[in-house]
Amino acid sequence: MNRFNVRKVAVLGAGVMGAQIAAHLVNVKVPVILFDLPAKDGPKNGIVTKAVEGLKKLKPAPLGVPEDAALIEQANYEEHLARLGECDLVIEAIAERMDWKLDLYTKIAPALAAHAIVASNTSGLSITKLAAVLPESIRPRFCGIHFFNPPRYMALVELIATPDTGPGILDELEAFVTTALGKSVVRAQDTPNFIANRVGIAGMLATMKEAETYGLSYDVVDDLTGKKLGRASSGTFRTADVVGLDTMAHVIKTLQDNLHEDPFFASYATPPVLQKLLDAGALGQKTGAGFYKKVGKDILRFDPASGEYVPGGGKADEIVARILKKPPAERLKLLHDSKNPQAQFLWAILRDSFHYAAVHLADIADSARDIDFAMRWGFGTSQGPFELWQQAGWAQVAQWVKEDIDAGRALSSAPLPPWVFEGPSGGVHRPEGSWSAAHARFVAPSTLPVYRRQLFRESVYGADATPPLKAGTEVFKNDEARVWSLDGAVLIASITAKLHLISPGVVEGLLKAVELAEQSYQGLVIWSPDDVFSAGANLEALMPVFMKSGGKGILPEVKKLQDAMLRIRYAQVPVVAALRGIALGGGCELALYSSKRVAAMESYMGFVEVGVGLLPAGGGLAYVARRAAEMAGAANANADILKFLTDGFTSAAMAKVGTSAIESRKLGYLLWSDVIVPHKDELLHVATQQVKAMAESGWRAPARTRFAVAGRNAIATIKAQLVNMRDGGFISAHDFAISALIADVVCGGDVDAGSLVNEEYLMALERKHFCALLDDPKTQERIMGMLQTGKPVRN
Ligand code: NAD
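A. Representation of the site of the ligand in the model. Contacts to the ligand come from 19 residues, most closely from M17, D36, E96, K101 and S123. A distance of 2.9 Å separates an oxygen atom of the ligand from a polar backbone atom of V16. Isolated, the ligand exposes 830 Å² of accessible area, and the fraction of that covered by the protein chains is 78%. Contributions of two or more residues to the shell around the ligand are made by α1 (16-27), α3 (98-108) and β6 (142-147). Taken together, the residues of the shell around the ligand break down into ten nonpolar, six polar and three charged.

Laid out in structure tokens, this is it:
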């Protein structure tokens, strides 16, 4: 096997994108050198240094933990050009100017390693034209690599070849971008703005134009074109503000400069209001004003008629909101037939999107699937245009679009291409593949080996992929859990309860899974197909018991949960928790009591019980105590356990939640031996492989040992600090009471320092304090507040 090694990446340009791409590379453990121009004054790396500092404050956070900014090596083209020779991949992300990019390429070409892949992050300049200045020897290794902003969070990366890009280069890059960076790749043609920005920006322009036609204000349009339409919650105008109106103008200009022959050319005109805002320097969020302006707590909207900002908050009509909840065929018919201006507006923008996608499919994308994925991954829509069209009824919708084109109601008079009517009957997506207008046939998804790692690869409507919860062989199922296997070797337990809250049904499923795994499988993976591991224990389910018999009545329930955790920890087969999204409270404990954790980069772990006036009592505090003893033991036989307890105690007492897998590890909820997986769709594969490797390596459950606790003196030390915090007004009296109880458990209660205890002993302490807190009116106030409003009560 010829292995594509990326030992180091150079990112050229420390602007908005370059700096964040460098940050993401650090997140996924790829060494990176970030270059920019030499600063005119002060240290030559000044520009890069400033950008790297900026990464620590940027929201949403580009780095898993801010201190990792130090891992980005800083460089400038004057002093460090030779260091490019260390890099296997060079990503250029300097300002969007063809002449500047060409200058830079000429400058760097002699310094590049002979094998290095060079790729531009341009949003829409011609990759082929950019390649033209490169020496012939580099051209076969040059291509486009288009990340979306913010690169840590947006899934899409478009890869673009030139006619000279060598065979295999994009395959190698696609595998690296997918597995190592965790991004989802679409291959785009070298056409202006590639796929997502081409279709997405044309869609935003169409929306702005139709909003004017139907006389709708921006707030109403955003309410209509956000979540209700299955698109990003910021809608259309707010998204433009977030992106930056200047950036948007840039992308529009690329369309205007390069697409004179496009039948939609007229619709690429800069909307007058956008020009007005640009002229006024109102560039959106970054300048504090754009289509919207925040004044104090109020969000005002721009009123084009008066040129003033006026109160916003307009919403969709109730009737239209109801239509949008209907199934696609009914929804589109109601929108199409309605006389309500908001409904007519929605039909118009959907029609425009179908029309645009169909007319351009042959030129910009290899298949309809690539357009649909580009819109999902690059613009955060739940479906792409072709999927919705197909789901709503291909022929009927095509007929409506045709009627509107013929009647002059569409944005362009270009007819729908003949294949819409003559080609694929029923739609563009089928189980065997998606329609390629360029090749006049259905093309199957990529068969690159990297996709074998995605056991349930994302698929489009119409591909009829088997959903994970219907796949494999089912061996047990109740209302809240499914236990199944794909290969007969590794068992999978999937929590199906709402938010994957841990209820008696979930515990039953997990225990059954452990039992079955011990009987006939190599091990167990706890994994669910959606982006929540578990939001915690289901408090609501315990309410009836509590009402009847108070805190004491709950004791047996808590014990059952703790016993389940211990059953998992001491199972005779490895149990691997495959985490993604939130793993809170009992969900976090479930992960901690598994033999190993495999966590997607976007995993958010923590104990949040304090928020509802409780403490972790599914073994969470027993875990903190045990880990402290283990770490102290590893450091030095006589180490002070309290030192190793502080982080675990603070995280639990302050309900800290990791904002990434990396931060979750810093808080102590993942071990260094756990695995962090960049791509969410590779999670199940990696977890399954871990189980197999552990089983093959002769894995045995850990020994049930006793371990030392910090004891009563440590409790007194912690309490003294808590008193200061309470008296200083930093924590409430009830926070103090809960924190003191947490300290009691993690230090092992009223015993001498160094006393040996076991997990059951600590869990008994957890239960005792948990049930006492349940009977406390302040805790009850917190629980009721949370159940009623979803927000923590601070009392
Ligand atoms: P930016 O303006 O934030 O940063 C550009 C960087 O280029 C700056 O650090 C600047 O010092 C450097 N630079 C300027 N002139 C230079 C020159 N002559 N030689 C070398 N370096 C020079 O830009 P950005 O938004 O990060 O965009 C960078 C690239 O990424 C562009 O090609 C853009 O189209 C693309 N892109 C941007 C976004 C986005 O949302 N901003 C998204 C995807 C792709």
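B. Seen up close, the sheet that holds strand β10 (residues 298-303). Ordered in space as β9-β10-β11, the three strands form an open sheet in which the pairing is antiparallel. Across the chains shown, the open sheet's two edge strands, defined by having one partner strand only, are β9 (292-295) and β11 (308-311). Direction aside, the axes of adjacent strands within the sheet are offset by 40 degrees on average. Note that β10 and β11 share four bridges and pair antiparallel. The residue of β11 that forms the bridge with D303 is E308.

C. Representation of the nonpolar core in the model. Judged by nonpolar contacts, the single largest core of 116 residues is most densely connected at F291, F386, W389 and W419. With 13 residues, helix α13 (residues 341-364) is the single largest residue contributor to this core. In this structure, W419 is in contact with A358, L361, F386, W394, P424, V428, W435 and A437, ignoring residues within four places of it in sequence. Residues F533, A622, A629 and I641 belong to the second largest nonpolar core, which totals 91 residues.

D. Looking closely at the packing of aromatic side chains. Within this structure, the stated rule accounts for 23 aromatic pairs. Pairing W484 with W527 gives two aromatic rings, centres 6.3 Å apart and planes at 55 degrees, and the pair type is tilted. Taken together, the residues span a long stretch of sequence, with W484 in strand β16 (residues 481-485) and W527 in the loop between β18 (523-526) and β19 (532-534) at a distance of 43 residues. An identical accessibility class is assigned to W484 and W527; each is buried. An aromatic cluster is present here, built from F354, F386, W389, W394, W419, W435 and F442 joined pairwise through their rings. Between the NZ or CZ atom of R457 and the centre of the ring of Y451, over which it lies, the distance is 3.9 Å. Residue placement shows R704 over the ring face of Y570; its charged tip is 4.0 Å from the ring centre.

E. Region of interest: the packing of helix α20 (residues 620-635) against helix α21 (residues 641-653). α21 packs onto α20 with a crossing angle of 150 degrees between their chain directions and a minimal axis gap of 8 Å. Classified by the angle between their axes, α20 and α21 sit roughly antiparallel to one another. Seen from above, α20 lies across α21 with right-handed handedness. The residues of α21 that touch α20, namely those facing L621, V624, A625, A628, A629, M631, A632 and A635, are I641, F644, L645, G648, F649 and A652. Grouping the amino acids of the contact of α20 with α21 by side-chain chemistry returns 13 nonpolar, one polar and no charged.

F. Structural detail: the sheet that holds strand β7 (residues 156-160). One open sheet accounts for eight strands, arranged β3-β2-β1-β4-β5-β6-β7-β8; its pairing is mixed. The strands lining the two open edges of the sheet, one partner per strand, are β3 (72-76) and β8 (184-188). For this sheet, the mean inter-axis angle between neighbouring strands, taken without regard to orientation, is 25 degrees. Sheet analysis places strand β1 (residues 9-12) next to strand β4 (residues 89-92), joined by four bridges and oriented parallel. The residue of β4 that forms the bridge with L12 is E92. Contacts between α1 and the sheet are confined to β1, β2 (32-36), β3, β4 and β6, with β2 contributing the most and set at about 170 degrees to the helix. Across the sheet, α3 lies against β1, β4, β5 (117-120) and β6, angled at about 155 degrees from β4, the strand it touches most.

G. The arrangement of helix α26 (residues 759-774) in detail. Taking 1.5 Å per residue as the helical rise, α26 with its 16 residues ought to reach 22 Å, and the 22 Å between its terminal C-alpha atoms agrees with that figure. Residues E759, L762, M763, L765, E766, R767, H769, F770, C771, L773 and L774 constitute the buried set of α26. Buried residues belonging to α26 abut α18 (539-569), α20, β23 (707-708), α25 (733-746), β24 (756-757) and α27 (777-789). Capping of α26 at its N-terminal end is provided by N758; its side-chain oxygen lies 3.4 Å from the backbone amide nitrogen of E760.

H. Inspection of the pattern of salt bridges at higher detail. A complete count under the given rule lists 48 salt bridges for this structure. In this structure, the salt-bridge partner of K666 is E67, at a minimum N-O distance of 3.0 Å. Here the residue K666 occupies a position in helix α22 (residues 661-666), and E67 occupies one in the loop between α2 (46-55) and β3, the gap between them amounting to 599 residues. Look at K666 and you get partly exposed, because its relative accessible area is 48%. The partly exposed category is assigned to E67, whose relative accessible area is 41%. Notably, a salt bridge pairs R430 with E432, separated by 3.5 Å at the nearest N-O pair. R430 gets classed as partly exposed once you look at its relative accessible area, which sits at 27%. The class for E432 is partly exposed, based on a relative accessible area of 45%. Overlapping salt bridges bring together E210, R351, D352, D404 and R409 as one network.

Cut-offs used in this document
Residues numbered from 1 in each chain as written. Predicted model: local features only at pLDDT ≥ 70, side-chain atom pairs only at ≥ 80, totals over all residues. Heavy atoms only, no water. Near = heavy atom within 4 Å. Polar contact = N/O pair within 3.5 Å; in protein donor to acceptor, adjacent residues only side chain to side chain. Areas by Shrake-Rupley, 256 points an atom, 1.4 Å probe, with all protein chains shown as cover. Helix = DSSP H or I, 4+ residues; strand = E, 2+ residues; numbered from the N terminus. Nonpolar A, V, L, I, M, F, W, Y, C, P; charged D, E, K, R; others polar. Pairing = 2+ DSSP bridges. Axes fitted to C-alpha atoms, helices over the stretch in contact; angles between N-to-C directions. Core = buried A, V, L, I, M, F, W, Y, C linked by side-chain atoms within 4.5 Å. Buried < 20%, exposed > 50% of the residue type's maximum accessible area, 1.4 Å probe, protein only. Contact = heavy atoms within 4.5 Å. Phe/Tyr/Trp six-rings, centres within 6.5 Å; stacked < 30°, edge-to-face > 60°. Lys NZ or Arg CZ within 6 Å of the ring centre and 35° of its normal. Parallel < 35°, antiparallel > 145°, perpendicular 65-115°, else oblique. Left-handed = near helix turned anticlockwise from the far one by under 90°. Expected span 1.5 Å × (residues − 1). Salt bridge = Lys/Arg side-chain N within 4 Å of Asp/Glu carboxyl O.

Structural measurements only, silent on function.
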